Amino acid sequence: MTEKDDEQYIKLKDEAWNYYQNDNPDKAFENCKSLINLYPQKISGYYLSGIIENGKRNYVKSVDFLKNALDNDIDNNAGGFIHYLLGKNYNEKSKSDWLDEFEENPFDNFEMA
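Below you will find a few notes about this structure.

Criteria and thresholds
- Residues numbered from 1 in each chain as written.
- Predicted model: local features only at pLDDT ≥ 70, side-chain atom pairs only at ≥ 80, totals over all residues.
- Heavy atoms only, no water.
- Axes fitted to C-alpha atoms, helices over the stretch in contact; angles between N-to-C directions.
- Helix = DSSP H or I, 4+ residues; strand = E, 2+ residues; numbered from the N terminus.
- Parallel < 35°, antiparallel > 145°, perpendicular 65-115°, else oblique.
- Left-handed = near helix turned anticlockwise from the far one by under 90°.
- Contact = heavy atoms within 4.5 Å.
- Buried < 20%, exposed > 50% of the residue type's maximum accessible area, 1.4 Å probe, protein only.
- Expected span 1.5 Å × (residues − 1).
- Arc of directions from axis to C-beta.

**As for the packing of helix α1 (residues 3-21) against helix α2 (residues 25-38)**
Contact geometry for α1 and α2: axes closest at 7 Å, N-to-C directions at 155 degrees. By the angle between their axes, α1 is roughly antiparallel relative to α2. Classified by chirality, the crossing of α2 by α1 is left-handed. Taking contact as the criterion, the partners of Gln8, Tyr9, Leu12, Lys13, Glu15, Ala16, Tyr19 and Tyr20 in α1 are, on α2, Pro25, Lys27, Ala28, Asn31, Cys32, Ser34, Leu35 and Leu38.

**Thoughts on unusual backbone geometry**
Non-glycine residue Asp23 carries a positive phi angle of around 60 degrees. Following the sequence through the fold, Asp23 ends up in the loop between α1 and α2. With relative accessibility at 72%, the residue Asp23 sits in the exposed group. Located in the positive-phi region is Arg57, a residue other than glycine, with phi close to 65 degrees. Relative to the helices and strands, Arg57 resides in the loop between α3 (44-55) and α4 (59-72). Since its relative accessible area comes to 57%, Arg57 is described here as exposed.

**Points about α1**
Over its 19 residues, α1 extends 27 Å from the first C-alpha to the last, a length consistent with the 27 Å expected when each residue adds 1.5 Å. When we look at burial in α1, the residues that qualify are Tyr9, Leu12 and Ala16. One face of α1 carries all of its buried residues, which in axial projection span an arc of 70 degrees. Opposite the packed face of α1, turned more than 90 degrees from it, sit the exposed residues Glu3, Lys4, Glu7, Lys11 and Gln21. Buried-residue contacts for α1 involve α2 and α3. Note on α1: the residue one or two positions beyond its end, Asp23, has a positive phi of about 60 degrees.

What follows is the structure, given as structure tokens:
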């Protein structure tokens, strides 16, 4: 990457995080899409997209973004955070699957007993 590319990358990344931290996840996500399109080898767009999707309870989408972030974390700078968030997603997804199944099956619903 050239110095100009580095500057643009840093600007987009910082803007995305600022939007996210100021409770504007939709604008943050737009910046993340630009980051992913322009810099697919960098983790920031994937990582923040995974966080945003987790906040929206879109666990499968979050996992996809986080796995891409992990694949691109060549220097292993964010691996611990990514693994932590992946674990949270898997945990939340399994809880929601269990609750959905429980609520849909009246024979397992103890409130009806």
